[in-house]
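# Coordinate analysis (summary)
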Amino acid sequence: MLLRLRLLQIGDVHLPSAMKSGRKIDQKDASFSVELRNLISSVPIKVVFRQIYKILEEGGVAGIVFMGDLTDAGDLSGYDKTCQFIAQSLQLGAGRRHSGVPVGIVPGNHDINRAMALSPGITTKFEPLNMSLRKASLPAIPVQDSVIMPIHDGSASISLNLMNSCWGCGAREYIPEEFREGIGKAIEDSLERGGEKALKTYYDRQFDTPAFSEPSIQQLVQTGRSMDTSTLLVVAAHHNLLPQRQPRIAQYTELVNSGAIRASLCELDRPVVYLHGHIHVDPVETITAPKAAPLICISAPAAEDGFNVLDFVFTRSGMPLSCQITPWRFDGSGILHSAEQIAVPLLGRRRRSHDTSLNKVYAYLLEQRELYWSQLIGVTPPIFTTDVEEQTREAIELLIADESVVVENYDSSPSAWIVKAII
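Residues numbered from 1 in each chain as written. Predicted model: local features only at pLDDT ≥ 70, side-chain atom pairs only at ≥ 80, totals over all residues. Heavy atoms only, no water.

### A few points about the sheet that holds strand β14 (residues 370–372)
Sheet strands pair via backbone hydrogen bonds, and the direction of the pair is either parallel or antiparallel. Across the sheet, three strands lie side by side as β14-β16-β15; this open sheet has antiparallel pairing. Pairing within the sheet leaves two strands with one partner each, and these edge strands are β14 and β15 (405–408). Taken over all neighbouring pairs, the strand axes of this sheet differ in orientation by 20° on average, direction set aside. Running over the sheet, helix α9 (residues 356–368) touches β14, β15 and β16 (418–421) and is turned about 110° from β14. Set on the sheet, helix α11 (residues 388–401) makes contact with β15 and β16; between it and β15 the angle comes to about 115°. (Pairing = 2+ DSSP bridges. Helix = DSSP H or I, 4+ residues; strand = E, 2+ residues; numbered from the N terminus. Axes fitted to C-alpha atoms, helices over the stretch in contact; angles between N-to-C directions. Contact = heavy atoms within 4.5 Å.)

Put into structure tokens, the structure is as follows:
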């Protein structure tokens, strides 16, 4: 049968502020009963985590990835509470119900405490969060080196590379030397006068330059080149590689070497999936280059708005075919539900050679243009003599990845599929 590996992608958690964010209510009467208001509303972050827990309980999750910004504005007092909330509400980490589920966590710019960033030592600012993660029996974030997590099930294999994109966050040493003392003092004075509001503004428009370290990029490239060709490379980091669609007027908050890592990943000449958060919106974008395999960028929304279920489909021999993205989002009524699935081929322009059997299936689909699954199964026995349903399904998955067919009801069982050929 076809092989699948499922990852859950969780965007910026932002505790404790997300815990104060309720379903939007047009409350004109400030004296209205808080108890009754809570009965007719909900805290979205709690709803999201309950659904994630339900999916974990159903089983079949190969890993869960958090995209950073676990807390707000480097709040040291919030690190322990955030890590405990994640561990307890989802039962993740050593000694808990879902301790067998691999967990990956990357740092975000809001996870950097400014005072720690000003302390000596380039890794000092990452230590408080790692200390809180250890207390909660959760895995550490990557600091100097990437964290490489092999995830596999039979012949299906993923190399999940967790990277630190926050080297410039909160660090005064990256301000040009000519302006460092003056700008640094001005920032401190403004924060002292402006209080919590000024601190929030600093983290939203901070004078820093998030970046990957050159050694971590080299490590990623070496990993990608040495991996077996059937292993899918998945990279996770907080910051986005591509500019967001909405114009962002915050000159110093974007990843300064995103172009370098984009080029490096494209030059690997193998399909790569890049997961990130940060921008609080959820596009799925494909970067292509001549004679290169696709680079698929998948953004998670803020955790209080939902999360993504990522199903990676492999052939029976273990070759990566496609990534199926199921967004879980709130509708206008405030109900969290799975939205329409997005299927992204991992073959790109490098079309897989069609064997004789695949050619016959495609030729028949071209002739008929559209077939129900039951009709297709009825005509494939002369083409496939054994395991007819499994071989037919793999043929259709290959044709989907090759962008030769589309399937209606693809997120349902094959019995509900309607397969249409594309010329």
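Next comes the rest of the write-up.
### Regarding unusual backbone geometry
Residue P16 follows L15 across a cis peptide bond; omega there is 10°. Note on placement: P16 falls in the loop between β1 (3–10) and α1 (34–39). Not every positive phi belongs to a glycine, and R369 is a case in point at roughly 70°. You can see R369 is positioned in the loop between α9 and β14. Residues other than glycine seldom take positive phi values, yet N409 does so here, at roughly 65°. Inspection of the secondary structure puts N409 in the loop between β15 and β16.

### Describing the pattern of salt bridges
One pass over the full model with this rule turns up eight salt bridges. Between D282 and R329 there is a salt bridge whose closest N-O contact spans 2.7 Å. Of this pair, D282 sits in the loop between β7 (272–276) and β8 (284–287) while R329 sits in strand β11 (residues 320–330), and the two are 47 residues apart along the sequence. We note a salt bridge from E408 to K420, for which the minimum N-O separation is 2.4 Å. (Salt bridge = Lys/Arg side-chain N within 4 Å of Asp/Glu carboxyl O.)

### Brief notes about the sheet that holds strand β6 (residues 232–236)
The mixed open sheet is built from six strands, whose spatial order is β4-β5-β6-β7-β9-β8. If you trace the sheet from one side to the other, it starts and ends with β4 (147–153) and β8, each paired once. With direction set aside, neighbouring strand axes in the sheet form an average angle of 20°. In this structure, β6 lies alongside β7, joined through four bridges in parallel fashion. Pairing of A236 across the sheet is with L275, part of β7. In the packing of helix α8 (residues 258–266) onto the sheet, contacts are made with β6, β7, β8 and β9 (295–299), and the angle to β9 comes to roughly 130°.

### Observations regarding the pairing of β15
Two faces make up the sheet, and in a regular strand the side chains alternate between them. Only one face of β15 is covered, namely the face carrying V405 and V407; the face carrying V406 and E408 is uncovered. Two strands pair when backbone bridges link them, and β15 and β16 are joined in this way by four bridges, in the antiparallel orientation. What sits directly across from V406, in β16, is K420. (Buried < 20%, exposed > 50% of the residue type's maximum accessible area, 1.4 Å probe, protein only.)

### Things to note about the packing of helix α3 (residues 76–90) against helix α5 (residues 127–135)
Axes are the key here: two packed helices are described by the angle between their axes and the distance separating the axes. Between α3 and α5, whose axes approach to 8 Å, the crossing angle comes to 30°. The two elements α3 and α5 meet at a crossing, and its hand is right-handed. In this structure, α3 uses L76, Y79, D80, C83 and Q84 to contact α5, whose residues at the interface are P128, L129, S132, L133 and K135. The residue inventory of the contact of α3 with α5, partitioned by class, reads six nonpolar, two polar and two charged. (Left-handed = near helix turned anticlockwise from the far one by under 90°. Nonpolar A, V, L, I, M, F, W, Y, C, P; charged D, E, K, R; others polar.)

### A word on the environment of R369
Along the sequence, R369 and I422 sit 53 residues apart, while their C-alpha atoms lie 8.0 Å from each other. Polar side-chain contacts of R369 include one of 3.5 Å to the backbone oxygen of L366. (Polar contact = N/O pair within 3.5 Å; in protein donor to acceptor, adjacent residues only side chain to side chain.)

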